[in-house]
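Here is how the chains run, residue by residue.
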Amino acid sequence: MGTQSSLYIEKEDNTFIGVNCYYDGYPEHMVKQIVTSSYDEVHHWILIAGTRGGFRLFAPLTEETEFMNDAPHYIYNPDDNGDLGIDYIYVKQLDGSVKWRDWATKEWKMT
């Protein structure tokens, strides 16, 4: 597997919904993809990916997004560090900004 990440969207009721992404999870790639996508677009992508077991690659800018071919799977807590091989965690917030962090730290970075 490549650099794995989790991508969440913040919901209006202060909950989250997300999926895992199994390749190219580095901030240099993911932040650009998330920032240039609207809140609604990221939400839409997450809902589709969850029905397919997550993203293989999240790359809407280059139209190269790929999905897994697995059982439906969503995740709900960006503060759960769990040891699932996740390298980075990203959250598209209600205001359109993006926060992210290395899975092992508690310090969020903002874009």
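Refer to the preceding data block for the structure.
Fair warning: this is a prediction, and the values are worked out from it, not measured in the lab.

(A) Seen up close, the environment of Asp13. You can see Asp13 is positioned in the loop between strand 1 (5-10) and strand 2 (16-21). Taking relative accessible area as the criterion, Asp13 reaches 55% and is therefore assigned exposed. A distance of 2.5 Å separates the side chain of Asp13 from the side chain of Thr15, its partner in a polar contact.

(B) Expanded view of the side chain of His43. Looking at where His43 falls in the secondary structure, it is placed in helix 2 (residues 39-51). Given the relative accessible area of 18%, His43 is considered buried. Apart from the residues lying within four places of it in its own chain, the contact partners of His43 are Ile9 and Lys11.

(C) Seen up close, the packing of aromatic side chains. Under the defined criterion, the tally for this structure stands at eight aromatic pairs. Taking 5.7 Å as the distance between ring centres and 25° as the angle between the ring planes, the aromatic pair formed by Phe55 and Phe67 counts as stacked. Residue Phe55 is located in strand 3 (residues 55-57), and its partner Phe67 is located in strand 4 (residues 66-67); the two are separated by 12 residues in the primary sequence. Both rings, one in Tyr88 and one in Tyr90, keep their centres 6.4 Å apart while their planes meet at 35°; by these two values the pair is tilted.

(D) Structural context of the nonpolar core. With 18 residues, the main nonpolar core has Leu7, Ile34, Phe55, Phe58 and Tyr90 as its most contacted residues. Looking at this core, the elements that each hand over two or more residues are strand 1, strand 2, helix 1 (27-35), helix 2, strand 5 (88-92) and strand 6 (98-102). A per-element tally of this core places helix 2 first, with four residues. Phe55 has contacts with Leu7, Val19, Asn20, Cys21, Tyr22, Trp45, Ile46, Ala49, Thr65, Glu66, Phe67 and Met68, leaving out every residue within four places of it along the chain. Core analysis: the next-biggest nonpolar cluster, separate from the first, contains six residues, Tyr8, Phe16, Ile75 and Val91 among them.

(E) Up close: the pattern of salt bridges. For the coordinates displayed, the defined rule picks out one salt bridge. A salt bridge links Arg56 to Glu66; the shortest N-O distance between them is 2.9 Å. With Arg56 in strand 3 and Glu66 in strand 4, this pair connects stretches of sequence that are 10 residues apart.

(F) Representation of the pairing of strand 1 within the structure. Taking burial as the measure, the six residues of strand 1 include six buried ones, the bulk of the element. Here strand 1 shows a buried face lined by Ser5, Leu7 and Ile9 and a second buried face lined by Ser6, Tyr8 and Glu10. Here six bridges tie strand 1 to strand 2, and the two strands are oriented antiparallel to one another. Counterpart to Ser5 in the pairing with strand 2 is Cys21. Hairpin connection between strand 1 and strand 2: a loop of five residues separates the two successive antiparallel strands, and Asn14 in this loop has a positive phi of roughly 65°.

About the thresholds
Residues numbered from 1 in each chain as written. Predicted model: local features only at pLDDT ≥ 70, side-chain atom pairs only at ≥ 80, totals over all residues. Heavy atoms only, no water. Helix = DSSP H or I, 4+ residues; strand = E, 2+ residues; numbered from the N terminus. Buried < 20%, exposed > 50% of the residue type's maximum accessible area, 1.4 Å probe, protein only. Polar contact = N/O pair within 3.5 Å; in protein donor to acceptor, adjacent residues only side chain to side chain. Contact = heavy atoms within 4.5 Å. Phe/Tyr/Trp six-rings, centres within 6.5 Å; stacked < 30°, edge-to-face > 60°. Core = buried A, V, L, I, M, F, W, Y, C linked by side-chain atoms within 4.5 Å. Salt bridge = Lys/Arg side-chain N within 4 Å of Asp/Glu carboxyl O. Pairing = 2+ DSSP bridges.

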